[in-house]
Each structure stands twice: as structure tokens, then as C-alpha cells.
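Structural description and commentary
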Amino acid sequence: MTATDDEGRRGGRVGWYAYDWANSVFTTTVTSIFFGPFITEVGERAADGDGYLHPLGIPVLASSFYPYLVALSVFLQVLVLPSAAVLTRRHDKALLLGTLSTCGAGATIGMYWIGDTDYGLGGSLYVVATMALGGSITVANTYLPVLAPPEHRDRTSAYASAAGFLSGAAVLTVALVVYANHADWGLTEPHAVRIIMLAAGLWWLVFGTVSVWLLRGYGTPPPVVSAEESRAYRALFAAVRQLRNHPAAAWFLVAFLLYNNGLQSVTSLVGTYAAIELELAEDNVVTAVLLVQFVAFAGAIAAGRLAERYGGRRILLGIVAVWVAVIVAGALIPDRSFSAFMTLCVTAGFVVGGTYALSRSIFIQLVPADRVPEYIGIFETVNRCLGFIGPAAFGLVLQWTGNYRAAWTSILAFWLAGGLALVLGALARRQPKQRQKAVTHG
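Parameters at a glance
Residues numbered from 1 in each chain as written. Predicted model: local features only at pLDDT ≥ 70, side-chain atom pairs only at ≥ 80, totals over all residues. Heavy atoms only, no water. Helix = DSSP H or I, 4+ residues; strand = E, 2+ residues; numbered from the N terminus. Buried < 20%, exposed > 50% of the residue type's maximum accessible area, 1.4 Å probe, protein only. Contact = heavy atoms within 4.5 Å. Areas by Shrake-Rupley, 256 points an atom, 1.4 Å probe, with all protein chains shown as cover. Axes fitted to C-alpha atoms, helices over the stretch in contact; angles between N-to-C directions. Parallel < 35°, antiparallel > 145°, perpendicular 65-115°, else oblique. Left-handed = near helix turned anticlockwise from the far one by under 90°. 1 Å grid on protein atoms, 1.4 Å probe; cavity = no way out; pocket = protein on both sides within 12 Å on 5 of 7 lines; lining within 4 Å. Points joined across faces, edges and corners; volume = space filled by probe spheres on them. Nonpolar A, V, L, I, M, F, W, Y, C, P; charged D, E, K, R; others polar. pLDDT = per-residue confidence, 0-100. Salt bridge = Lys/Arg side-chain N within 4 Å of Asp/Glu carboxyl O. Phe/Tyr/Trp six-rings, centres within 6.5 Å; stacked < 30°, edge-to-face > 60°. Lys NZ or Arg CZ within 6 Å of the ring centre and 35° of its normal. Patch = residues over 30% accessible without salt bridge, like charges linked within 9 Å, V, L, I, M, F, W, Y side chains within 5 Å.

What the protein chain contains, in helices and strands, is 18 helices and two strands. The 442 residues of the protein chain split such that 57% are buried. Counted over contacts in the protein chain with a minimum sequence separation of 6, partners at least 24 positions apart contribute 85%. For the protein chain, the computed accessible surface area is about 17,800 Å², with 64% contributed by carbon and sulfur atoms.

Structural data, given as C-alpha cells:
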């Protein structure tokens, strides 16, 4: 990519950043803050005398419904993500992105109509929105090699994440005003939460449309696609088999699988943990997470620049070490200690922005350039489909022990194992170079 080509792609990069700006409000506002406590209360109102729900005839403790719902929504994305990645080879990426974005935004908008005991409707809408989000991000990620040269991909990826955190801060500011004043405005708490989720869906819809419009022309498929490439799962499995020829990429994928489950658990369940176990008021939780968005914006920018200077893998390993400390500290926070929770959130905010952004760009640089869509499909399948393990472990530990702190501590195992796999992956990357030097000197 020449300097002139890079200048010509500046508008496309703005469009790419705009999609993080559009969809991040779902993760921040809906998943991390409001939907968990909201759907838990809906489930508790619908539960039987023993406190159990029976979706599809399966007994589920009402307090565990949301963690299981997160796990289910993540797991079911295996039906969407492989197809979304490979279809970018034969369909216009902007059309695919627009379709998935509109579907996810529409499901989020639909959450406004969840009734007092409609846990089934709420769960279904959440699953649809999460699957559409995963598919759309998979498609969006295939733009990165087109829009940025290799030496700038860490920074470009981090800037997109930064845009998402800034967007989350803007929407959370409005959400905090609505939530804090709901009684004065004649709104019940559940009604205020439904309005906030409606606003998040509209935000996603509007800015998702802007992003798709700016990305037109950067995702034109090649004129000829082989029969093998036209079959999503066959192409995905072929790419998985080829990972044996790329041990550094394979080890990195294992590391990402492990620590990403820790990340999925924290981002989706921290609001529920703070509200129920730490007994913090909802507006305090929103205030803390709002501050995280601003800190994460700065942290993502810093992570991108540090990665260019010191190497993305080294910075990522440091980020994982910080997350280990965050999980340990989170398990020890005293009840109703807002200042301790705020400190924890600020610390996490410095590293949350770079975790996914650097993982995405590092993995793309480790795989063959001509097979990026398939490998992005694998990466997002691990990210979205296999990220159910952490939330499921959280839910199981909670159901077995009835203790949120024990469930929170279970997240630590994923970060420790992921850090170890990152180190092993770095060693695997050095071995071929060492062998090559040995052959040369021999």
C-alpha cells in the first residue's frame, strides 16, 4: 500500500471507526449495565415459588438466568459468524454489514416492549441482538487489512476501539441523566431502563447506517470465487486445519480463547455483580462505568501507540497481567464501597480498550494475507461463540454456591491460562527463526 493509497483510504477508516461508534453502545449500555439487572428482576417476578424459571422446560434459578443467557447468545453465534466471514468474498461487505447492523439495532429497539414478566421475550431479543452484533463485527473486521498498512494496523484497530468507548461515554451520560431523574419525570425504574435500551438501539441504527454509507466501495468482492470458498463451514474448517502450519497464530488463538472468556465475563456481568453482590445503587454503577469509557478512550489510544513502539504482543501481555490484578481486587471489594469499585473500574478502563484491539490486529498479522476473511471468521468464532465458557462458568459457580464472589473469582483462571498461552506463543514464534539461523550458520 503506497502513501497515496493510504490517503485515499482515510474516508474508509472514518467509516470503520464509525461502526465501533455505532455498536459499542449495545455492549456498554445494554450488556454491561442495564440489561442484566433488568432481566434478572423480570425473571424473579416470573419465577415459581422456589425461585426457578422453566425456559423450554429447563429449571433455571432466576438469578442465574442472565449469565446463562449470555452464554447461550455467545454460543449460538457459531451459526452466523463463519458464514458472515466467508460471504464477504462473494457479496458486498457494506450490504452484509448494513443488514446485520439493522437486525441487531432493531432487536435492541424491541427491548422497549418487554413486559414485567416477559423474560422469554427479553431473552430472545437479547440473543438476536448479540448474534447480529457478532456477525456485523466479523464483517467489519475484514476491512482492516484493506484500510490500513501492516505497520499501522495496531494503531488503527485501537483508534476504532477508542471511538467505541467515546460513543459509550456519550450515551451513558444521557442514560445516567434519565435514570437519576426517572422518579421526578414520572417514570418507573423499569420504564426508564427500557427507554435507555430504546435509545441505544436507535443510536446503533443511525450511526450504523452512516458507517455503511462511508464504507461503500471498500468491500467489493472478487469477480470469481471458488466452490470451496463459497461454502462457509468448509472454508472455515480448511483454515483451521492450516493453522498447524502457523504455530504462532495457533498459540495466539488459544491464548485469546482463554483470556477472552475472562473479558467476556467481566464486561457482561460486572454491572450485575456490582448491583447484587456489592449492593451498589444503579446510578453509582452507571457513574463508574461512564468514567471507564473516558479512561478506556485514552487507554486504547495509548495501547495503539505503545504497540507500534514496543510491539503489540509485549503490550498485550502487560494488559493481561493488569487484568489478573483487577479480578483479584474485585473479589476483595467490601460491600457498598463505591470508592473501591470506582478505583477498580478506572484501573480496568486503562486496559480494556487495548485488549480486543491489539488481539485483533496481532492475529491478522500472524495469518496468510490471502486468507484473512477465513481467519477473521475463526477469530470471531472464538471471540463470540466460544466466549460463552467464562459466563457459563460464572453461572454454574453461582448456582452451585449461591455466592457471587466465588463466581467472580472463577474468572481469574481464564486470565492466568491466557497469559501462559501468550508466553508459549511467543516462544513458538521464535523457534522457526532460531532454526533458520542454525541452518544458515551450519
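When you line up the elements, Asp 50 lands in the loop between helix H2 (10-46) and strand S1 (52-53). Residue Asp 50 is classed as exposed on the basis of its relative accessible area of 67%. Along the primary structure Asp 50 and Leu 61 are separated by 11 residues, whereas in three dimensions their C-alpha atoms are 8.6 Å apart.

Right, let's get into the packing of H2 against helix H6 (residues 119-141). Running from N to C, H2 and H6 point in directions that differ by 160°, and their axes come no closer than 11 Å. Considered as vectors, H2 and H6 are oriented roughly antiparallel to each other. For the pair H2 and H6, the crossing hand works out as left-handed. The residues of H6 that touch H2, namely those facing Trp 16, Tyr 19, Asn 23, Phe 26, Thr 27, Thr 31, Phe 35, Ile 39, Val 42, Gly 43 and Ala 46, are Tyr 119, Gly 122, Gly 123, Tyr 126, Ala 129, Thr 130, Leu 133, Ser 136, Ile 137, Ala 140 and Asn 141.

Of the pockets and cavities examined, the second largest pocket occupies roughly 380 Å³. Lining the second largest pocket are 15 residues, with Pro 55, Leu 56, Phe 65, Leu 69 and Leu 72 positioned closest to its centre. Secondary-structure elements contributing two or more residues to the lining of the second largest pocket are helix H3 (65-75) and H6. For the lining of the second largest pocket, the per-class residue count stands at 12 nonpolar, three polar and no charged.

Below, the discussion takes up the confidence of the model for the protein chain. Chain-level pLDDT for the protein chain is 85 on average; 88% of the residues reach the 70-or-more range. Looking at the elements of the protein chain, mean pLDDT is at its lowest for helix H1 (residues 3-8), recorded as 52, and at its highest for helix H9 (residues 189-214), recorded as 96. Taken as a whole, residues 221-230 scores under 50 in pLDDT and shows 17 contacts with residues more than four places along the chain or in a different chain.

Now for the pattern of salt bridges. Enumeration over the complete set of coordinates arrives at four salt bridges. With a closest N to O distance of 2.7 Å, Asp 335 and Arg 405 form a salt bridge. Placement of Asp 335 in the loop between helix H13 (312-332) and helix H14 (338-366) and of Arg 405 in helix H17 (residues 404-409) is noted, with a sequence separation of 70 residues between them. Members of the salt-bridge network, linked through shared partners, are Glu 277, Asp 335 and Arg 405.

The next subject is unusual backbone geometry. Even without being glycine, Glu 279 reaches a positive phi, approximately 60°. Following the sequence through the fold, Glu 279 ends up in the loop between helix H11 (247-277) and helix H12 (282-310). The phi angle at Arg 336 is positive, at roughly 60°, despite the residue not being glycine.

With that out of the way, let us pick up the packing of aromatic side chains. Scanning the entire structure with this criterion turns up 23 aromatic pairs. Between Phe 35 and Tyr 126, the ring centres sit 4.9 Å apart and the planes meet at 5°, which makes this aromatic pair stacked. Of this pair, Phe 35 sits in helix H2 while Tyr 126 sits in helix H6, and the two are 91 residues apart along the sequence. Taking relative accessible area as the criterion, Tyr 126 reaches 2% and is therefore assigned buried. The side chain of Lys 93 reaches across the aromatic face of Tyr 143, ending 5.1 Å from its centre.

Before going further, it helps to spend a moment on a nonpolar patch on the surface. A cluster of nonpolar side chains, contributed by Trp 251, Val 254, Leu 317, Leu 420, Val 423, Leu 424 and Leu 427, occupies part of the molecular surface with about 550 Å² of accessible area. When residues in the nonpolar patch are grouped by element, the largest group, four residues, is from helix H18 (residues 412-441). Among the structural elements, Val 423 can be located in helix H18. Val 423 gets classed as partly exposed once you look at its relative accessible area, which sits at 37%.

In this section: the environment of Tyr 259. You can see Tyr 259 is positioned in helix H11. For Tyr 259, a relative accessible area of 1% gives the class buried. Remark: the alpha-carbon pair of Tyr 259 and Val 320, spanning 61 residues in sequence, is separated by 7.7 Å. Not counting chain neighbours up to four residues away, the residues in contact with Tyr 259 comprise Phe 252, Leu 316, Val 320, Thr 355, Ser 359, Phe 414, Trp 415, Gly 418 and Leu 422.

A word on empty space enclosed by the protein. Considering all chains together, one arrives at two cavities of 30 Å³ or more under this definition. The space that makes up the largest cavity amounts to roughly 890 Å³. If you trace the largest cavity, you find 44 residues lining it, with Thr 27, Ser 32, Phe 165, Thr 267 and Val 352 closest to the centre. Of the residues that constitute the lining of the largest cavity, the class distribution is 21 nonpolar, 20 polar and three charged. In this structure, the second largest cavity is lined by Phe 34, Pro 37, Phe 38, Glu 41, Arg 45, Tyr 179, Glu 189, Pro 190, Val 193 and Glu 282. The set of elements that each furnish at least two residues to the lining of the second largest cavity consists of H2 and H9. At five residues, H2 tops the list of elements feeding residues into the lining of the second largest cavity.

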